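Residue-level structure breakdown
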Amino acid sequence: AQSVTQLGSHVSVSEGALVLLRCNYSSSVPPYLFWYVQYPNQGLQLLLKYTTGATLVKGINGFEAEFKKSETSFHLTKPSAHMSDAAEYFCAVRKTSYDKVIFGPGTSLSVIP
Amino acid sequence: DVKVTQSSRYLVKRTGEKVFLECVQDMDHENMFWYRQDPGLGLRLIYFSYDVKMKEKGDIPEGYSVSREKKERFSLILESASTNQTSMYLCASSPPGAGGFYEQYFGPGTRLTVT
């Protein structure tokens, strides 16, 4: 069965520092990969997605993620954290275009002024 | 912009009550989903529907049922609420086709407390 792990249920960074949120998946074939963000008291919003093609994917709000097949990883990064980035981040995977999306447990990001 | 609305943001119900959670989307999407969100567990799929009057069980359907009488509306029903159903419930919708399952648009969620 597909699974998604996110290292660190809670990550704290200083404002202006690099944001790195880790995501690893288990899949025998290259899957579709996603990052969603959930701001307080809101639903989830798609940040970025990888389907095919370029392995470095750029998303909204300055975030990007790189698909590394050899490491089965899809880590999310942002060069400089902003206070408004404080939120819950979910990595998700989908094996084929007809499969369900499997969500990771989430990582809560705090940004310290 | 796609808009997915949920009938209540917060709901408190008693054990044994029948509970209805309503979800409406305004983008004519074929696919609709109900998820449950619990700390440390991420989102778990309860039910989904890919057309009016169609429904499919997700990963945790026990204790829940759904109804989709109109394309824009997808209801989650707790026939007899229990305390272990206290959770955040998220509704989502997506357009049809092979890509439909991944571009999901979420509502703000309903935080249900069963006492």
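All values reported here derive from a predicted model rather than from experimental measurement.

Time to look at the overall build of chain B. For chain B, the count of helices and strands is zero helices and 11 strands. When the helices and strands of chain B are placed in sequence order, the string is β-β-β-β-β-β-β-β-β-β-β. Against the compact-globule benchmark of 13 Å for 115 residues, chain B has a radius of gyration of 13 Å, which places it among compact chains. Principal-axis analysis of the C-alpha atoms places the extent of chain B at approximately 40 × 30 × 25 Å. The buried share of chain B, reckoned over its 115 residues, is 49%. Expressed as a percentage of contacts within chain B between residues at least 6 apart in sequence, the contacts between residues at least 24 apart total 56%.

Contacts between the two partners involve 20 residues from chain A, matched on the other side by 22 residues from chain B. Between chain A and chain B, a total of about 1,700 Å² is buried, with carbon and sulfur atoms accounting for 55% of that surface. At the boundary of chain A and chain B, one finds zero salt bridges. Summed over the shared surface of chain A and chain B, the number is two residue pairs in polar contact (both at pLDDT 80 or more). Among the secondary structure elements, those contributing two or more residues to the side of chain A that touches chain B are β5 (32-38), β6 (44-50) and β10 (87-94) of chain A.

The strands that make up a sheet are held in pairs by hydrogen bonds between backbone atoms, and each pair lies either parallel or antiparallel. All names here are of chain B. Strand order across the open sheet formed by four strands is β1-β3-β8-β7, with antiparallel pairing between neighbours. Every interior strand has two partners, whereas the edge strands, β1 (4-6) and β7 (64-70), have only one. Going across the sheet, the axis of each strand differs from the next one's by a mean of 20°, ignoring polarity. Sheet topology places β1 next to strand β3 (residues 19-25); three bridges connect them, and they run antiparallel. Its bridge partner being in β3, V4 is matched across the sheet by Q25.

Attention now moves to the packing of aromatic side chains. Each aromatic ring pair is summarised here by two numbers: the centre-to-centre distance and the angle between the ring planes. Applying the stated criterion across every chain, the model contains 11 aromatic pairs over all chains. On the numbers, 5.7 Å between centres and 80° between planes, the contact of Y36 of chain A with F106 of chain B is edge-to-face. Residue Y36 of chain A is located in strand β5, and its partner F106 of chain B is located in strand β10 (residues 105-106); the two belong to separate chains. Taking relative accessible area as the criterion, F106 of chain B reaches 11% and is therefore assigned buried. Here the aromatic residues Y36 and F103 of chain A together with F33, Y35, F48 and F106 of chain B are joined through ring pairs into a cluster of three or more.

Estimates place the volume of the largest pocket at around 390 Å³. Taken together, 21 residues form the lining of the largest pocket, with Q38 and E88 of chain A together with Q37, P39 and R111 of chain B sitting closest to its centre. Breaking the lining of the largest pocket down by element, the ones donating at least two residues are β10 of chain A together with β4 (31-38) and β9 (87-94) of chain B. If one sorts the elements of the lining of the largest pocket by residue count, β10 of chain A sits on top with three residues. Its residues assigned to classes, the lining of the largest pocket comprises seven nonpolar, 11 polar and three charged.

In this model, chain A carries a mean pLDDT of 90, and residues with pLDDT of at least 70 account for 91%. Here strand β11 (residues 102-103) of chain A stands out as the least confident element of chain A, with mean pLDDT 87; strand β3 (residues 19-21) of chain A is the most confident, with 98.

This part covers the state of the cysteines. Formally, a disulfide is one covalent bond, and it connects the sulfur atom of one cysteine to the sulfur atom of another. According to the stated counting rule, one finds two disulfides over all chains in the structure shown. Across the disulfide from C23 of chain A sits C91 of chain A; the S-S distance is 1.9 Å. The chirality of the disulfide connecting C23 of chain A with C91 of chain A is left-handed, given an S-S dihedral of about -65°. Highlighted residues: C23 of chain A in the loop between β3 and β4 (24-26) and C91 of chain A in strand β10, separated in sequence by 68 residues. You can call C23 of chain A buried: its relative accessible area is 0%. Here C23 of chain B is linked by a disulfide to C91 of chain B, with a sulfur-sulfur distance of 1.9 Å. One quick way to see it: the torsion about the S-S bond of C23 of chain B and C91 of chain B is about -80°, and its sign makes the bridge left-handed. Of this pair, C23 of chain B sits in strand β3 while C91 of chain B sits in strand β9, and the two are 68 residues apart along the sequence.

What counts, and where the lines are drawn
- Residues numbered from 1 in each chain as written.
- Chains lettered and ligands numbered in written order.
- Predicted model: local features only at pLDDT ≥ 70, side-chain atom pairs only at ≥ 80, totals over all residues.
- Heavy atoms only, no water.
- Helix = DSSP H or I, 4+ residues; strand = E, 2+ residues; numbered from the N terminus.
- Rg over C-alpha atoms; globule rule 2.2 N^0.38 Å.
- Buried < 20%, exposed > 50% of the residue type's maximum accessible area, 1.4 Å probe, protein only.
- Contact = heavy atoms within 4.5 Å.
- Buried area = accessible area lost by both parts, 1.4 Å probe.
- Salt bridge = Lys/Arg side-chain N within 4 Å of Asp/Glu carboxyl O.
- Polar contact = N/O pair within 3.5 Å; in protein donor to acceptor, adjacent residues only side chain to side chain.
- Pairing = 2+ DSSP bridges.
- Axes fitted to C-alpha atoms, helices over the stretch in contact; angles between N-to-C directions.
- Phe/Tyr/Trp six-rings, centres within 6.5 Å; stacked < 30°, edge-to-face > 60°.
- 1 Å grid on protein atoms, 1.4 Å probe; cavity = no way out; pocket = protein on both sides within 12 Å on 5 of 7 lines; lining within 4 Å.
- Points joined across faces, edges and corners; volume = space filled by probe spheres on them.
- Nonpolar A, V, L, I, M, F, W, Y, C, P; charged D, E, K, R; others polar.
- pLDDT = per-residue confidence, 0-100.
- Disulfide = S-S within 2.5 Å.

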